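Secondary and tertiary structure notes
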Amino acid sequence: MPVLLLALACRNLEVDTGPLTAELVVTPRGTAAGFEVVAASGNVPVTVRVRGVDAAGATVPGAPVQVDVDGSMVEVTLDANGYGALVLETPGVHVLSGGAEVVTVAAYASTWAGFGWSRGAASPGSVVDVLAASHGLVVVGEDTVWWSDASGVSRVLAPGAAITAADVFDVDSDGLLDAA
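Structural notes, computed from the coordinates. (Residues numbered from 1 in each chain as written. Predicted model: local features only at pLDDT ≥ 70, side-chain atom pairs only at ≥ 80, totals over all residues. Heavy atoms only, no water.)

Re the overall build of the chain
Counting its regular elements, the chain contains one helix and 14 strands. Counting all 180 residues of the chain, 26% fall into the buried class. In the chain, once contacts between residues fewer than 6 apart in sequence are set aside, the share between residues at least 24 apart is 43%. Approximately 11700 Å² of the chain is accessible, and the part contributed by carbon and sulfur atoms is 59%. (Helix = DSSP H or I, 4+ residues; strand = E, 2+ residues; numbered from the N terminus. Buried < 20%, exposed > 50% of the residue type's maximum accessible area, 1.4 Å probe, protein only. Contact = heavy atoms within 4.5 Å. Areas by Shrake-Rupley, 256 points an atom, 1.4 Å probe, with all protein chains shown as cover.)

Structure (structure tokens):
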């Protein structure tokens, strides 16, 4: 019966045998050409994510980066996946620069134990799709991909072109859903 339904469904189907118009370009993983500081806020100490980025805006490892924090340079080491952390221990509004954008971080000195329980985040722009992965969410915008988990939201890809498709599946056979 399924074969009959398939045959009936395809009887008026026209097949285009011309060349494919889409092209997949695979480039080797490079080293960071720059870095991005991800805005944050919370009770001190506040941990701010820093990620190394390549020319396509993908997160890549690299050498330590220098972040300007309120006029003082602070070195941040990137791990093997391209992420680093900057810890702010002084309450106040801090301005971080030197990366792709200038970022403001609000650090509070609250004694209320419940401060910071809510892990809400503003939408990172125009959202096209939200995909559930094993340990978080993949938020797909028109030209940017974001990762959201219990520790916050961070941009993981900004290719400089429209993103036409995204999905989650187990890419590396480790039993965890990955984004692709």
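Concerning the pattern of salt bridges
Summed over the entire model, instances satisfying the criterion amount to one salt bridge. The salt bridge partner of glutamate 36 is arginine 51, with a shortest N-O separation of 2.7 Å. Here glutamate 36, found in strand 1 (residues 34-37), pairs with arginine 51, found in strand 3 (residues 46-53); they are 15 residues apart in sequence, far enough to count as distant. An identical accessibility class is assigned to glutamate 36 and arginine 51; each is buried. (Salt bridge = Lys/Arg side-chain N within 4 Å of Asp/Glu carboxyl O.)

Brief notes about the nonpolar core
Counting residues in hydrophobic clusters, the biggest one holds 16 residues, and the most contacted among them are Val37, Val48, Val50, Val67, Leu86 and Leu96. Contact partners of leucine 86, with chain neighbours within four places excluded, come to Val46, Thr47, Val48, Val50, Val67, Val69, Val74, Val76 and Leu96. (Core = buried A, V, L, I, M, F, W, Y, C linked by side-chain atoms within 4.5 Å.)

What about the environment of glutamate 101?
Inspection of the secondary structure puts glutamate 101 in the loop between strand 7 (92-97) and strand 8 (103-108). Beyond its immediate sequence surroundings of up to four residues, glutamate 101 is in contact with Leu96 and Arg155.

Some remarks on the pairing of strand 10 (residues 136-141)
Here strand 10 lies mainly inside the structure; five of its six residues are buried. As judged from the four bridges shared by strand 10 and strand 11 (residues 145-149), these two strands associate in the antiparallel manner. Bridged to valine 138 within strand 11 is tryptophan 147. In textbook terms, the turn of a hairpin is the stretch between consecutive antiparallel strands, and for strand 10 and strand 11 this stretch comprises three residues. (Pairing = 2+ DSSP bridges.)

Focus on the sheet that holds strand 2 (residues 41-43)
Taking strand neighbours across the sheet as the criterion, the five strands line up as 2-8-7-4-5 in an open arrangement whose pairing is mixed. Looking at strand neighbours, the two that pair on one side only are strand 2 and strand 5 (72-76), the edges of this open sheet. On average, each strand axis in the sheet is inclined to that of its neighbour by 30°, with strand direction left out of account. In terms of strand pairing, strand 2 meets strand 8 through three bridges, oriented parallel. Of the residues in strand 8, the one forming a bridge with asparagine 43 is tyrosine 108. (Axes fitted to C-alpha atoms, helices over the stretch in contact; angles between N-to-C directions.)

Quick look at unusual backbone geometry
Of note, the phi angle at aspartate 70 is positive, near 55°, even though the residue is not glycine. Its relative accessible area of 43% is what places aspartate 70 among the partly exposed residues.

Concerning the sheet that holds strand 6 (residues 83-88)
Here three strands make up an open sheet; going across it, the order is 1-3-6 and the pairing antiparallel. Edge positions in the open sheet fall to strand 1 and strand 6, since each of these has one partner strand only. Averaged over all pairs of adjacent strands, the angle between strand axes in this sheet comes to 30°, irrespective of strand direction. Where strand 3 lies against strand 6, six bridges are found, and the strand directions are antiparallel.

Re the side chain of histidine 94
In this fold, histidine 94 is placed in strand 7. Residue classification places histidine 94 among the buried residues on the basis of a relative accessible area of 8%. Engagement of the side chain of histidine 94 in a polar contact is seen with the side chain of aspartate 70, the distance being 2.6 Å. A polar side-chain atom of histidine 94 sits 2.6 Å from the main-chain carbonyl oxygen of threonine 90. Discounting residues that sit within four places of it in the chain, histidine 94 has contacts with Asp70, Leu88, Val103, Thr104, Val105 and Ala107. (Polar contact = N/O pair within 3.5 Å; in protein donor to acceptor, adjacent residues only side chain to side chain.)

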